[in-house]
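Breakdown of the fold
In case you want the letters, here they are:
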Amino acid sequence: MSSIKVSAPAKLMLFGEHSVVHNHPCIVTAVDQRLYLEAEKIIEPTFVLDAPQIGIKNYTKPIVKLRKNPIKPGAAFVEFAVSNFLRSHKQLGGIRIKTKSNFSSKFGFGSSSAAAVATIAALSKLYNVALTKKQIFDLAYMTVLDVQRAGSGFDVAAAVYGGTIYFTTGGKQIIPLKITSLPLIVGYTGIKASTTQILHQTEEKEKKYPKLITTIYKNIEEIVDEAKTALEKKNWKNVGDLMNINQGYLEALGVSSPKLSAMIYAAREAGAYGAKLSGAGVGDCMIALGNHNSKFIIQNSIKGTGGQIINVKVNEPGVRVEK
Ligand code: PMV
């Protein structure tokens, strides 16, 4: 095989953001926004990347110089993923990669992790190196830590396994949940948030109030465990209550924002079972749970606060080969 095309899904955090960074579980679902990646073997021992959507054209580097500065912003995840794959599975020649996604990286849907996962999966197929899902996860998670130094790996797991999963820090537990439907509404704040910066702020808070903050993380774990059962039973009333309680703790951690809160309250007032922020907070997206009848009213209320509705399907397949 000399070339291959794969795709990996983006993700939405349902429960347990922030506490999952501190050895607690979370629940994440894969969505139908996908990153597509084509990889091709080339003779010269170089790495070539084209990612036109983020302004990367013909970024070229000798394989021996991978992960050495300068690294073009936006190229790091694919470059480190190639390097990590080749370190553990040495190959001759070079690689040309092209990426394209059907979603904007501004939503905070995890395009970088999807790119790392797609790269590892594509190279394993291209070089005929059989990797289990857990091995793909481990190499892609290593890549994410190489680039951003922090993160639980939940987004990597969603891109590898797909579906909806119960996940604990670093992949200590990756348990697929039996979900058949989930009537989720997603609203985008229009604000781009820096996860690393927010993680830094919560760390500072934890240093100042260790007992308080670790208790919040432990309580969020209780919410995640209850939500696991409620989601599988499609007990939307309970799922909604748990979303609201989770949001309360996220407010207490200081990671909500006036815009997120306005969108969340608007959704609840329009009849949502529950609503919360999704991901690191401050900006990016919020999610609300509503049934078929209330969906449009909830969407309009979110829009009324200046939020943008993003139509996504949840519980989508993980990384896969594309024809
Ligand atoms: O907003 P995102 O997709 O970067 O999600 C961050 C979720 C955190 O729990 C805050 C960090 C993590 O890696 O789990």
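The structure this text deals with has already been given above.
Below or above, wherever it landed, is the structure these notes cover. (Residues numbered from 1 in each chain as written. Predicted model: local features only at pLDDT ≥ 70, side-chain atom pairs only at ≥ 80, totals over all residues. Heavy atoms only, no water.)

Here's the deal with the pattern of salt bridges
Inspection of the entire model under this criterion finds nine salt bridges. Measuring nitrogen to oxygen at the nearest pair gives 2.9 Å for the salt bridge that ties D146 to R67. Residue D146 is located in helix α3 (residues 133–148), and its partner R67 is located in the loop between β4 (56–62) and α1 (76–88); the two are separated by 79 residues in the primary sequence. (Salt bridge = Lys/Arg side-chain N within 4 Å of Asp/Glu carboxyl O. Helix = DSSP H or I, 4+ residues; strand = E, 2+ residues; numbered from the N terminus.)

Re the pairing of strand β10 (residues 285–289)
With five of five residues buried, β10 lies mostly within the body of the structure. Because side chains alternate across β10, one face comprises the buried residues C285, I287 and L289, and the other comprises M286 and A288, equally buried. In the sheet, strand β8 (residues 184–188) pairs with β10 via five bridges, with the strands oriented antiparallel. Bridging from a neighbouring strand, L184 pairs with L289 of β10. With five bridges joining them, strand β9 (residues 274–278) and β10 adopt antiparallel strand pairing. (Buried < 20%, exposed > 50% of the residue type's maximum accessible area, 1.4 Å probe, protein only. Pairing = 2+ DSSP bridges.)

Things to note about the sheet that holds strand β11 (residues 308–310)
Read across the open sheet, the four strands follow the order β9-β10-β8-β11; overall the sheet is antiparallel. Edge positions in the open sheet fall to β9 and β11, since each of these has one partner strand only. Adjacent strand axes in the sheet meet at a mean angle of 30°, parallel and antiparallel pairs treated alike. Bridging between β8 and β11 involves three bridges; their strand directions are antiparallel. For Y188, the partnering residue across the bridge sits in β11 and is Q308. Lying on the sheet, helix α7 (residues 236–253) is in contact with β9 and β10; it crosses β9 at an angle near 45°. Along the sheet face, helix α9 (residues 295–304) touches β8, β10 and β11 and points at about 10° away from the line of β8. (Axes fitted to C-alpha atoms, helices over the stretch in contact; angles between N-to-C directions. Contact = heavy atoms within 4.5 Å.)

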